[in-house]
Amino acid sequence: MPTIRQYNDTTDRIQVVELWKNVFGYETAHNEPNLAISKKIATNDGLFFVAVENTDIVGTIMAGYDGHRGWLYSVAVDPKKRLSGLGGSLVQHAEKALADLGCMKINLQLLATNEATAAFYKSIGYSVEPRLSMGKVL
Ligand SMILES: CC(C)(COP(=O)(O)OP(=O)(O)OC[C@H]1O[C@@H](n2cnc3c(N)ncnc32)[C@H](O)[C@@H]1OP(=O)(O)O)[C@@H](O)C(=O)NCCC(=O)NCCS
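The notes below deal with the structure included here. Everything quoted here is computed from the prediction, not taken from an experiment.

**Quick look at the pairing of strand S3 (residues 56-65)**
- Burial analysis of S3 places seven of its 10 residues in the buried class, the great majority of the element.
- The sheet contact formed by strand S2 (residues 48-53) and S3 spans six bridges and is antiparallel. Counted as the bridge partner of Glu53 is Asp56 from S3.
- Linking S2 to S3, which pair antiparallel, is a turn of two residues; within it Asn54 sits at a positive phi near 55°.
- Examined bridge by bridge, S3 and strand S4 (residues 70-77) share six bridges and lie antiparallel to one another. Along S4, the bridge assignment pairs Gly64 with Trp71.
- From the end of S3 to the start of S4, which pair antiparallel, there are four residues, and Gly67 there has a positive phi angle of about 95°.

Rules used in this analysis
- The numbering scheme is per chain: residues are counted from 1 as the chain's sequence reads.
- Residue-level local features of this predicted model are given only where pLDDT is at least 70; pairs of side-chain atoms are given and counted only at 80 or more, and the full residue set underlies all totals for whole chains, interfaces and linings.
- Our exposure labels follow a C-beta count within 10 Å of each residue's own C-beta, placed from the backbone: buried means 20 or more other C-beta atoms, exposed means 12 or fewer, and partly exposed covers the counts in between.
- Secondary structure elements are defined from DSSP: runs of H or I of at least 4 residues count as helices, runs of E of at least 2 residues count as strands, and each element is numbered from the N terminus.
- Pairing between two strands is assigned when DSSP locates at least 2 bridges connecting them.

Below is the structure:
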């Protein structure tokens, strides 16, 4: 099983950008990987994790905690490494980091069309909550 550790900008950026482009594709400017990474590491919150096998980045997860809710973002596992428990381990790692900060509830958002990732989250204990998700681009 790969090792999960904090993201290191010196060694990991190129591979993470590559993985995200491969797994997510991108349509909106605020999700552009290099921008998202730069903004996340500027917060210096220690809540950005990568899974590493030898020197290869094979998974990521980002979390956030604002003192009220914890959030999960950007769970991604290399397509060649799926269905062997890595996605679940990444979520568990982020959950522990959030719990250690005092977080009591985690939320996440998925595109309504992303049924596979919804199935993944359901199988590790998450449920769909009847909420209206709202947003505004600044
Ligand atoms: C979702 C994802 C992270 C799962 O990673 P993974 O390493 O394959 O997941 P795991 O092996 O830990 O699977 C954990 C559980 O989820 C289930 N699961 C994983 N992928 C699934 C899928 N596509 N459909 C249904 N169930 C799935 C597994 O069967 C397993 O269930 P089990 O414990 O009952 O056997 C990976 O498929 C991925 O990167 N997908 C794209 C992510 C994405 O779109 N993110 C955007 C939202 S932030």
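From this point on, the discussion continues.
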